[in-house]
Amino acid sequence: MKETPVVWPQVLGQVTGQGAGYRFAGETDILRQAMTEEGTRRLEAYLTARPKLSEAQRDQVRELFLSYFHSEDAVEEEIDLPGWSQGFVDTMTDRYFEDVELIRNIPGVTVIG
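Definitions and limits used
- Residues numbered from 1 in each chain as written.
- Predicted model: local features only at pLDDT ≥ 70, side-chain atom pairs only at ≥ 80, totals over all residues.
- Heavy atoms only, no water.
- Helix = DSSP H or I, 4+ residues; strand = E, 2+ residues; numbered from the N terminus.
- Expected span 1.5 Å × (residues − 1).
- Buried < 20%, exposed > 50% of the residue type's maximum accessible area, 1.4 Å probe, protein only.
- Arc of directions from axis to C-beta.
- Contact = heavy atoms within 4.5 Å.
- Core = buried A, V, L, I, M, F, W, Y, C linked by side-chain atoms within 4.5 Å.
- Axes fitted to C-alpha atoms, helices over the stretch in contact; angles between N-to-C directions.
- Parallel < 35°, antiparallel > 145°, perpendicular 65-115°, else oblique.
- Left-handed = near helix turned anticlockwise from the far one by under 90°.
- Nonpolar A, V, L, I, M, F, W, Y, C, P; charged D, E, K, R; others polar.
- Salt bridge = Lys/Arg side-chain N within 4 Å of Asp/Glu carboxyl O.
- Phe/Tyr/Trp six-rings, centres within 6.5 Å; stacked < 30°, edge-to-face > 60°.
- Lys NZ or Arg CZ within 6 Å of the ring centre and 35° of its normal.

(A) Helix α3 (residues 37-49), seen in detail. With 13 residues, α3 extends 18 Å between its outermost C-alpha atoms, agreeing within 8% with the 18 Å of an ideal straight helix rising 1.5 Å per residue. Of the positions making up α3, those classed as buried are G39, T40, L43 and L47. Each buried residue of α3 lies within a common arc of 95 degrees when the element is viewed along its axis, so the set occupies one face. Turned more than 90 degrees away from the buried face of α3 sit E37, R41, T48 and A49, all of them exposed. Where the residues of α3 are buried, they touch α2 (29-34) and α4 (55-69).

(B) Inspection of the nonpolar core at higher detail. Grouped together as the largest cluster of nonpolar side chains are twelve residues: V6, V7, L31, A34, M35, L43, L47, L53, V61, F65, L66 and F69. Broken down by secondary-structure element, the contributors of at least two residues to this core are α1 (4-16), α2, α3 and α4. Broken down by element, the residue count for this core peaks at four residues, all from α4. In this view, F65 contacts M35, G39, R42, L43, Y46 and H70; residues no more than four positions away in its chain are not counted.

(C) Region of interest: the packing of α1 against α4. Put simply, α1 and α4 touch, their axes get as near as 8 Å, and they point 155 degrees apart. Judged on the interaxial angle alone, α4 and α1 are roughly antiparallel. When you trace α1 past α4, the crossing you get is right-handed. Every residue of α4 that contacts α1 at P5, V6, V7, P9 and Q10 is listed here: D59, R62, E63 and L66. Broken down by class, the residue content of the contact of α1 with α4 amounts to five nonpolar, one polar and three charged.

(D) Structural detail: the pattern of salt bridges. The full count for this structure, using the stated rule, is five salt bridges. One salt bridge connects E55 with R23, and the closest N-O pair in it is separated by 2.6 Å. With E55 in helix α4 and R23 in the loop between α1 and α2, this pair connects stretches of sequence that are 32 residues apart. A relative accessible area of 15% means that E55 is categorised as buried. The salt bridge partner of R104 is E101, with a shortest N-O separation of 3.1 Å. Of this pair, R104 and E101 both sit in helix α5 (residues 86-104), three residues apart, which is roughly one turn of the helix.

(E) Focus on α1. Taking 1.5 Å of rise per residue, 13 residues should cover 18 Å, and α1 covers 17 Å from first to last C-alpha, within 8% of that figure. Among the residues of α1, those classed as buried are P5, V6, V7, P9, Q10, L12 and G13. In this structure, the buried side of α1 is in contact with α2 and α4. G17, located one to two residues past α1, shows a positive phi value of around 80 degrees.

(F) Spatial organisation of the packing of aromatic side chains. Within this structure, the stated rule accounts for five aromatic pairs. Considering the side-chain rings of Y46 and F65, the 5.6 Å spacing of their centres and the 50 degrees angle between planes classify their relative orientation as tilted. Here Y46, found in helix α3, pairs with F65, found in helix α4; they are 19 residues apart in sequence, far enough to count as distant. Three or more aromatic residues joined by ring pairs form one cluster here, namely Y46, F65 and F69. A cation sits over an aromatic face here: R50 above Y46, 3.6 Å from the ring centre.

This is the structure in structure tokens:
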């Protein structure tokens, strides 16, 4: 599954009914919070120069730029909770992805990412 900053434009398109191809003024707002200022500027310039990219290609570009220009300040911090071993977290993660697959197969449900 892709990170929220990568798929945010698709979420906006689905929620508003505008569709995946609609360009929202704030489509990089969440990415801006997770990336360096230079990375965001370069991403926006790259996407602006390539308006004919498909949504899948735009997702790949956002994902690639996020991997190279992520902000260290935005990286999740590790939280140590009593009773939460790495094994427990791994089990919960596996169950989460199993649940997502069940949800994905419900008629009328659209899973983005």
